[in-house]
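# Per-entry structural report
What follows is the residue order along each chain.
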Amino acid sequence: MIFELINDKIKAGKKQVAVLVDPDKFSGEQLNALQCHEKRIDLIFVGGSFTFKHIGDVIARIKEMVSIPVILFPGDVTQLSANADAMLMLSLISGRNPEYLIGNHVLAAPRIMEYGLEPIPTGYIVLNGGKKTAVSYISNTNPIPSEQHDIIVATALAGKYLGLKMIYLETGSGATHTASPELVKKVKSTVDLPLIVGGGIKTADQLTSLFNAGADIAVIGTLFENNPDALQNILDRIH
Ligand code: 1GP
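Only a predicted model underlies this, so the values are computations on that prediction, with no experimental measurement involved.

### Regarding the packing of aromatic side chains
- All told, the structure shown has five aromatic pairs when counted by the stated rule.
- Between F45 and F73 the ring centres are 6.0 Å apart and the planes differ by 40°, which places this aromatic pair in the tilted class. Linking F45 in strand β2 (residues 43-46) with F73 in the loop between β3 (70-72) and β4 (86-91), this pair joins segments that are 28 residues apart in sequence. F73 shares its class with F45; the two are buried.
- A relative accessible area of 6% places F73 in the buried class.
- One aromatic cluster in this structure is built from F45, F73, Y124 and Y168.

Below, the structure written as structure tokens:
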């Protein structure tokens, strides 16, 4: 079970790096980099707010070459595949759009069961990361202003009380800034759930300060997409 694996690493005090693959932009260079750093990448997330390529084919290509767990990070019900090891069952709890709180989940549920996928219930909290991102536009939701710490912490806490198993703090793909370490610390100390942080991470320093503040999993997407080799430097620094 992938959730158990994630939790065991957290209990052992290990911070985890997740690399985000957008199926539309997947390349041979990315595959090489995943192979090259296989031992130092903990998870591969696959998906995005807006993709059209066949997600199952991309996952099959990855799984042929690397044994890192692949977790679906689906933007909608078209992004499901039995080839993945698990999926983030995302509730977009920062938003007020019922389609992203229950509508898509109803459509997806029979296929999740048929595929035998492990769903990991995750509270997805989108923060204002400095510019309008695809996730806000496509989901038709407003991000929470990132300085509104009390609202963000309360949202994460509500997610915990609703039974969600992980919290994902997101400033959006390609964000100009990440969630602040101060905010990460507040969320983690109030809501003791596995905490994923993503959006705008470009340097080892950012990664380290998010980890030190309490993030358990940091997601790197755009940097890996634009320059797969950049991963080397970051992984060297943090390991
Ligand atoms: C986006 O959190 C991820 O959903 C990763 O963001 O693309 O900015 O790394 P970046």
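### Re helix α7 (residues 181-190)
- Of the positions making up α7, those classed as buried are L183, V184, V187 and K188. Angularly, the buried residues of α7 cover 125° about the axis, an arc narrow enough to put them on a single face. Of the residues in α7, the exposed ones pointing more than 90 degrees away from the buried face are E182, K185 and S189.

### Topic: the site of the ligand
- E170, S173, G174, G200 and T222 are the nearest of the 14 residues found near the ligand.
- A distance of 2.9 Å separates an oxygen atom of the ligand from a polar atom in the side chain of Y168.
- S173 is positioned such that a nitrogen or oxygen atom in its side chain is 2.7 Å from an oxygen atom of the ligand.
- Coverage of the ligand by the protein amounts to 96% of the 310 Å² it exposes when considered alone.

### A few points about the nonpolar core
- If you look at the biggest cluster of nonpolar residues, it comprises 58 residues, and the most contacted ones within it are L34, I44, I62, I125, L169, V184 and I220.
- Apart from residues no more than four positions distant in its own chain, I44 is found in contact with V19, V21, L34, I62, V66, I68, P69, V70 and I71.
- Counting residues in each nonpolar core, the second largest holds 23 residues, with A18, L43, I71 and Y100 among its members.

### Describing the sheet that holds strand β7 (residues 195-198)
- Here eight strands make up a closed barrel; going around it, the order is β1-β2-β3-β4-β5-β6-β7-β8 and the pairing parallel. Neighbour-to-neighbour, the strand axes of this sheet turn through a mean angle of 30°, independent of strand direction.
- Where β2 and β3 come together, three bridges link them in parallel fashion. For F45, the partnering residue across the bridge sits in β3 and is I71.
- Contacting β4 and β5 (119-126), helix α4 (residues 103-115) runs over the sheet at an angle of about 165° to β4.

### Remarks on the packing of helix α2 (residues 28-36) against helix α3 (residues 55-65)
- Interaxial distance between α2 and α3 falls to 10 Å at its minimum, and their mutual angle equals 35°. Once α2 is placed against α3, the crossing between them reads as right-handed. Taking contact as the criterion, the partners of G28, L31, L34 and Q35 in α2 are, on α3, R61, I62 and M65.
- Per-class residue counts for the contact of α2 with α3 are four nonpolar, two polar and one charged.

Definitions and cut-offs
- Residues numbered from 1 in each chain as written.
- Predicted model: local features only at pLDDT ≥ 70, side-chain atom pairs only at ≥ 80, totals over all residues.
- Heavy atoms only, no water.
- Phe/Tyr/Trp six-rings, centres within 6.5 Å; stacked < 30°, edge-to-face > 60°.
- Helix = DSSP H or I, 4+ residues; strand = E, 2+ residues; numbered from the N terminus.
- Buried < 20%, exposed > 50% of the residue type's maximum accessible area, 1.4 Å probe, protein only.
- Arc of directions from axis to C-beta.
- Near = heavy atom within 4 Å.
- Polar contact = N/O pair within 3.5 Å; in protein donor to acceptor, adjacent residues only side chain to side chain.
- Areas by Shrake-Rupley, 256 points an atom, 1.4 Å probe, with all protein chains shown as cover.
- Core = buried A, V, L, I, M, F, W, Y, C linked by side-chain atoms within 4.5 Å.
- Contact = heavy atoms within 4.5 Å.
- Pairing = 2+ DSSP bridges.
- Axes fitted to C-alpha atoms, helices over the stretch in contact; angles between N-to-C directions.
- Left-handed = near helix turned anticlockwise from the far one by under 90°.
- Nonpolar A, V, L, I, M, F, W, Y, C, P; charged D, E, K, R; others polar.

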